[in-house]
There are 2 protein chains.
Amino acid sequence: MTIDLSLLPDGGISWADASGPDGHIVLSTRIRLARNLQATVFTTRARDQDRERIREQVVGASREAKSLADAAVFRVEGLDRADRQLLYERHLISKELAGLEAGGAVRPGAALVLGGDIGVMVNEEDHLRMQSLHSGFALQRAYAALERLDGELGARLPFAFHPEFGYLTACPTNAGTGLRASVLIHLPGLVLTKEIAKVLQGLSQVGLTFRGLYGEGSEVVGNFFQLSNQTTLGKSEEELLDHLGKIVRQVIEYEEQARQVLLRDAPSVIEDKVWRAYGLLRYARSLSFEETMNLLSGVRLGVGLNLIKDLGVYTLNKLMIFTQPAHLAYVAGRALADPDLAIARATFVRRSLEDEAGRIRPQAN
Amino acid sequence: MTIDLSLLPDGGISWADASGPDGHIVLSTRIRLARNLQATVFTTRARDQDRERIREQVVGASREAKSLADAAVFRVEGLDRADRQLLYERHLISKELAGLEAGGAVRPGAALVLGGDIGVMVNEEDHLRMQSLHSGFALQRAYAALERLDGELGARLPFAFHPEFGYLTACPTNAGTGLRASVLIHLPGLVLTKEIAKVLQGLSQVGLTFRGLYGEGSEVVGNFFQLSNQTTLGKSEEELLDHLGKIVRQVIEYEEQARQVLLRDAPSVIEDKVWRAYGLLRYARSLSFEETMNLLSGVRLGVGLNLIKDLGVYTLNKLMIFTQPAHLAYVAGRALADPDLAIARATFVRRSLEDEAGRIRPQAN
């Protein structure tokens, strides 16, 4: 099966449209709730027929949930690898559920229910991983949507809940609320002023953690960090979100201060840096993903500081998504490996920036 | 005194107009003849009044020479340092005569007679250094002009000549013909294929030597080499030029082969390299001279390989000249030091390339 292509080109990436609060610094807010069915073996220890039953139960309940009225349902097993990777590159499915981990495979019974900003992964590490994904810094909005879905599904499914431990989860680190909220934030100012290490160290002291673009285990590229809560137990959902929200607000302020310091102390250095990044993206004929992220980081900083005008943050966010391998393969109509992949990436970036600049320059073909 | 500004913007740089043979690889051909006056102490050991007399004699003869009919005559002492540097940056005066060497000063009696493609430095290391400078690979043309001038001045001035040693010079390495011919050549292909060391080694075995952009002691930047004859004695002028010409012709062929190898074996690497250079020149906000030369080298290779179209070699040659400190200071109307100098350089390069591209891009200001 191939994914309904109405997903493309912008399907499922409204979280990247830069319309949300603090969109110049915060790309997106994601919250997920881990839930499991009572008296049912956890996914990772379940037999295939158990997981099939779990899938049927969860998908059945999802079809009745108002929040998922227009949702598409995918049996992950039925998806081509390229499509699973497309979904992963859009941050709509986890690497594990998509069977994309090294040596991994799609788990029988794995399913994905995909609404607009909201969805459910079925038979991931937990039976249900409900998730809500919003543009910008929008914890309350994302949680409100998720709470509604939790209520709708909880009314139809017997969630495993312990009066002392809260929601039970396959991994004890998720028990309690089952809530993990994360904010994808761009911190080039703190990196350039070399204050980032101090800030990240401070986060761990207040129970927060950071990851790269693609969650656990992924490297930080392009100065994009995912900040999230470390603990899920012992506090209410509201307390967890309130705490994360306050800390992220502070990080945003630090980042804005760092940018002002850069503009004050080294304006020409910064201007040179952001325009060089633009020049390379605009003209390079071969780009690795990592270099692309780093250059996009520079250009994004330039847009944020109003040094580069007439270039939308949404364009830059889309480039982060569409320059990944499965997206480039989709455009090319065939699987790509380097050096073709790097060439296709540079071509895509160049065309996008040319389009955004409003004209195609004759010598830039 | 300030130089007659009719020199600017293109005055004295017809050698850089890329109109000459093999202009895509050879920037210019320069020949000079060293001459001294009989029974007159050499410049470096002369007293001020001796040098004044030498100057009067040589300038007087120059005014009568047909080849120098429209020439301008400058007393170097009377020129501002900025003007002397302008002339030096245009390759029209030596560092020594301009008094620009570290700890150096203008020698009393120093003068410069400046025609179109031809001129005379007076009281340089020798009493006369006649020089002819042409676009492209043009040894015969450059020598023909110089031979004519040599005849015109030789008829009016008693040149020191020894039947066995030929023309006598202050430094014995110049004795004999007093001729040094040099070809300014761009060899990025041989550098990229790593064959350059072998080629340069070969040159020394056949009596040739190489230098950087600004002659003796100057570093090689931007893959620009000055190839010239090592010896001046024991061969006729024709033999020297014929030998140099054959070797340079071979180097040009090696370079063209290297470029074809690059295009055949690594086309996307080369394309990426030349367009990145263009992108940086087009958008950087701060550029050192060395980086500018290296990027211009990349773009020049791209133009030579027809990867970059609609961009003239003359524009690139002019950028090599006009991005030097005295030229940038002239444009700015004041002396410049880094970081202002590097910013002014980037601005000049950007505007030139924008103009060449035929329009000013609104976001590129």
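Before reading on, note that the structure itself is shown above.
Residues numbered from 1 in each chain as written. Chains lettered and ligands numbered in written order. Predicted model: local features only at pLDDT ≥ 70, side-chain atom pairs only at ≥ 80, totals over all residues. Heavy atoms only, no water.

1. Description of the sheet that holds strand 1 (residues 26-35) of chain A
All names here are of chain A. Test applied: Paired strands, in this sense, are two strands between which DSSP finds at least two bridges. Helix numbering and strand numbering both begin at the N terminus, where a helix is a DSSP run of H or I of at least 4 residues and a strand a DSSP run of E of at least 2. With axes taken as lines fitted to C-alpha atoms, and helix axes fitted only over the stretch in contact, angles between N-to-C directions fall between 0 and 180 degrees. In what follows, residue pairs with any heavy atoms lying within 4.5 Å of each other are defined as contacts.
Strand order in this open sheet of 8 strands is 2-3-4-5-1-8-10-9, and the pairing throughout is antiparallel. What marks the edges here is a single partner per strand, and that holds for strand 2 (72-75) and strand 9 (208-211). Each neighbouring strand pair of the sheet contributes to a mean axis angle of 20°, computed without reference to strand direction. When strand 4 (residues 118-122) meets strand 5 (residues 128-135), the two strands line up antiparallel, connected through 5 bridges. The residue of strand 5 that forms the bridge with Val120 is Met130. Packing of helix 1 (residues 48-64) onto the sheet brings it into contact with strand 2, strand 3 (111-114), strand 4 and strand 5, and relative to strand 4 it is tilted by some 165°. Against the sheet, helix 3 (residues 139-154) engages strand 1, strand 4, strand 5 and strand 8 (179-186), with an angle of about 150° to strand 5.

2. Here we look at the nonpolar core
As a reminder of what qualifies: Put simply, buried Ala, Val, Leu, Ile, Met, Phe, Trp, Tyr and Cys residues joined by side-chain atoms within 4.5 Å make one nonpolar core. Exposure categories follow from relative accessible area, calculated using a 1.4 Å probe and restricted to protein chains: below 20% of the type maximum is buried, above 50% is exposed, and the middle band is partly exposed.
Of all hydrophobic cores here, the largest spans 66 residues; its most connected members are Val299 of chain A together with Tyr278 and Val299 of chain B. Counting residues per element, the ones that place at least two in this core are helix 7 (267-283), helix 8 (289-304), helix 9 (313-322) and helix 11 (340-356) of chain A together with helix 7 (267-283), helix 8 (289-304), helix 9 (313-322) and helix 11 (340-357) of chain B.

3. Some remarks on the pairing of strand 1 of chain A
All names here are of chain A. Of all 10 residues in strand 1, 10 are buried, a share of seventy percent or more. Looking at chain direction, strand 1 and strand 8 are connected through 7 bridges and run antiparallel. The partner of Arg30 across the bridge, within strand 8, is Ser182. Bridge count for strand 1 against strand 5 is 8 bridges, and the pairing is antiparallel. Within strand 5, the position partnered with Arg30 by the bridge is Leu133.

4. Brief notes about the pattern of salt bridges
All names here are of chain B. The test is simple: Salt bridge, as used here, is a side-chain nitrogen of Lys or Arg placed within 4 Å of a carboxyl oxygen of Asp or Glu.
According to the stated counting rule, one finds 39 salt bridges over all chains in the structure shown. Notably, a salt bridge pairs Asp272 with Arg276, separated by 2.9 Å at the nearest N-O pair. Of this pair, Asp272 and Arg276 both sit in helix 7, 4 residues apart, roughly one helical turn. A relative accessible area of 11% means that Asp272 is categorised as buried. Looking at Arg276, the relative accessible area reads 17%, which means it is buried.

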